[in-house]
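Read off the chains here:
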Amino acid sequence: MHTVTLNNGVEMPVIGFGVYQIPPGDTERAVTEALAAGYRSLDTAAAYGNEEAVGRAVAGSGIPREDLFVTTKLWVSDAGEDRARRAFDTSLRKLGTDYVDLYLIHQPYGDVHGSWRAMEALHREGLARAVGVSNFHSDRLVDLIDHNEVTPAVNQIETHPFFQRTAEQDLMRGRGVQIESWGPFAEGRNNLFTDPLLTGIAAAHGRSVAQVVLRWLVQRGVVVIPKSVRAERMAENLAVFDFALTGEQMAAVASLDTGASAFFDHRDPEMVSRLGNATLDD
Ligand SMILES: NC(=O)c1ccc[n+]([C@@H]2O[C@H](COP(=O)([O-])OP(=O)(O)OC[C@H]3O[C@@H](n4cnc5c(N)ncnc54)[C@H](OP(=O)(O)O)[C@@H]3O)[C@@H](O)[C@H]2O)c1
């Protein structure tokens, strides 16, 4: 198992399995197959509506809890010290576990500092082995770090060949925050899987584009959580530790950066309002 060491000494697998957009009715099957394929890190969120199914798959796997790394996230409608605490208890109950390995603030909106005080307490009490954030641009991240005790262990942000986040990664490295990619394949946008440059590198290694992209991220020191509902792709996405991209190939992929999101900008006022006011039932 390849891992990175977080700023509090906790070991986090470099590759995990993401379950966003897997319908609750299919999640238990998908996570069961992912665990059988060898994944030991799972990334869910209260907002994904499938924590209970993840919990059932974990329970049914027979894998000792301490061998797993479970991440879930706090939704914006539960921001604030008291609400965050209650939301965490709900997530624990749904996941059927006594603790999580990583608890993230899902979006940088609402009473983030109140939420963070709850996260710090959960961490102190051992209920969240590590705490972190998601979708924080560098300004919000630095503000959170500078005005609180605990530095987030992780910032999970959109990171893929078309939005590479190298400056943000440098800043995080300097502050002791591990970058974690969501959407490593940009969910296939910009024709990622048929991109000529990526296809060429894949052919040179006898690998798939998906493997090249994951290898490129891992080689940059980025933690990844690819999602697939298909067992053969789950296995394919794990198999990136027996080859390496050359310096030239790393530089070639770097040329694909557009510097912009393939989805939306978390600083766009319309999105701040739309996402910031979305409830878990939306
Ligand atoms: N914090 C946040 O705000 C946030 C936002 C988005 C995502 N996330 C997390 O990040 C995880 C990954 O991101 P994502 O699910 O948005 O997108 P992604 O992993 O970039 O892309 C998933 C898509 O790629 C396809 N795919 C997977 N492996 C493939 C392969 N080897 N070859 C060809 N196609 C492949 C999948 O199809 P099939 O399923 O049909 O194989 C699916 O359509 C999520 O599941 C979630 O845990 C977090």
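By convention here, each chain's residues receive numbers from 1 onward along its written sequence. Local features in this predicted model are restricted to residues whose pLDDT is 70 or higher, and side-chain atom pairs enter the listing and the counts only when it is 80 or higher, whereas totals over whole chains, interfaces and linings include all residues.

What to know about the site of the ligand
The following threshold applies: Using a C-beta atom placed from the backbone, a residue is described as near a molecule or strand when that atom lies within 6 Å of it. A run of DSSP states H or I qualifies as a helix once it reaches four residues; a run of E qualifies as a strand once it reaches two. Both are numbered from the N-terminal end. Throughout, the ten residues Ala, Val, Leu, Ile, Met, Phe, Trp, Tyr, Cys and Pro are labelled nonpolar, Asp, Glu, Lys and Arg are labelled charged, and all others, Gly among them, are labelled polar.
For the ligand, the set of nearby residues contains 28 residues, the closest of which are Gly18, Tyr20, Trp182, Ala210 and Lys227. The dominant element in the shell around the ligand, judged by the number of residues it contributes, is helix 9 (residues 231-238), at three residues. Of the residues in the shell around the ligand, the class split is 11 nonpolar, 11 polar and six charged.

Remarks on the nonpolar core
Here is the rule we go by: Defined on buried residues, the nonpolar core groups Ala, Val, Leu, Ile, Met, Phe, Trp, Tyr and Cys residues joined through C-beta atoms within 7 Å. Three classes are used. A residue is buried when 20 or more other C-beta atoms lie within 10 Å of its own, exposed when 12 or fewer do, and partly exposed in between, with C-beta atoms placed from the backbone.
Val31, Tyr103, Met119 and Val213 are the most contacted members of the largest nonpolar core, which has 78 residues in total. The element contributing the most residues to this core is helix 8 (residues 209-219), with eight residues.

A short note on the pairing of strand 7 (residues 128-134)
Side-chain positions along a regular strand alternate between the two faces of the sheet. Basically, it comes down to this: Two strands qualify as a pair provided that DSSP identifies no fewer than 2 bridges between them.
The buried count for strand 7 comes to seven of seven residues, which makes it a mostly enclosed element. The sheet contact formed by strand 6 (residues 100-105) and strand 7 spans five bridges and is parallel. Residue pairing across strands places Val100 opposite Ala128, the latter belonging to strand 7. Both strand 7 and strand 8 (residues 154-158) contribute to a ladder of two bridges, which runs parallel. Following the sheet pairing, Val133 is matched in strand 8 by Asn155.

With respect to the packing of helix 2 (residues 51-61) against helix 3 (residues 81-95)
This is how it is decided: Between N-to-C directions, angles cover 0 to 180 degrees, with each direction set by a line fitted to C-alpha atoms, over the stretch in contact for helices. Under this scheme an angle from 65 to 115 degrees is roughly perpendicular, one under 35 degrees roughly parallel, and one over 145 degrees roughly antiparallel; angles in between are oblique. Remark: residues whose backbone-derived C-beta atoms lie within 7 Å of one another are considered to be in contact.
Packing of helix 2 against helix 3 brings their axes to within 7 Å, and their N-to-C directions diverge by 40°. With respect to each other, helix 2 and helix 3 are oriented oblique. When helix 2 is examined against helix 3, the residues Glu51, Glu52, Val54 and Gly55 are found in contact with a partner set consisting of Ser91, Lys94 and Leu95. Along the lines of polarity and charge, the residues of the contact of helix 2 with helix 3 split into two nonpolar, two polar and three charged.

Here we look at the UniProt feature "domain: NADP-dependent oxidoreductase" (unreviewed entry) in the protein
Applicable threshold: UniProt positions are given in the numbering used here, feature names are shortened, and annotations may be inferred rather than shown by experiment.
According to UniProt, the "domain: NADP-dependent oxidoreductase" (unreviewed entry) feature falls on residues 21-257. Between the first and last C-alpha atoms of residues 21-257 the distance is 25 Å; the span itself is 46% helix and 14% strand.

Points about unusual backbone geometry
A positive phi angle, near 65°, is found at Asn135, a position not held by glycine. Mapped onto the secondary structure, Asn135 falls in the loop between strand 7 and helix 5 (138-146).

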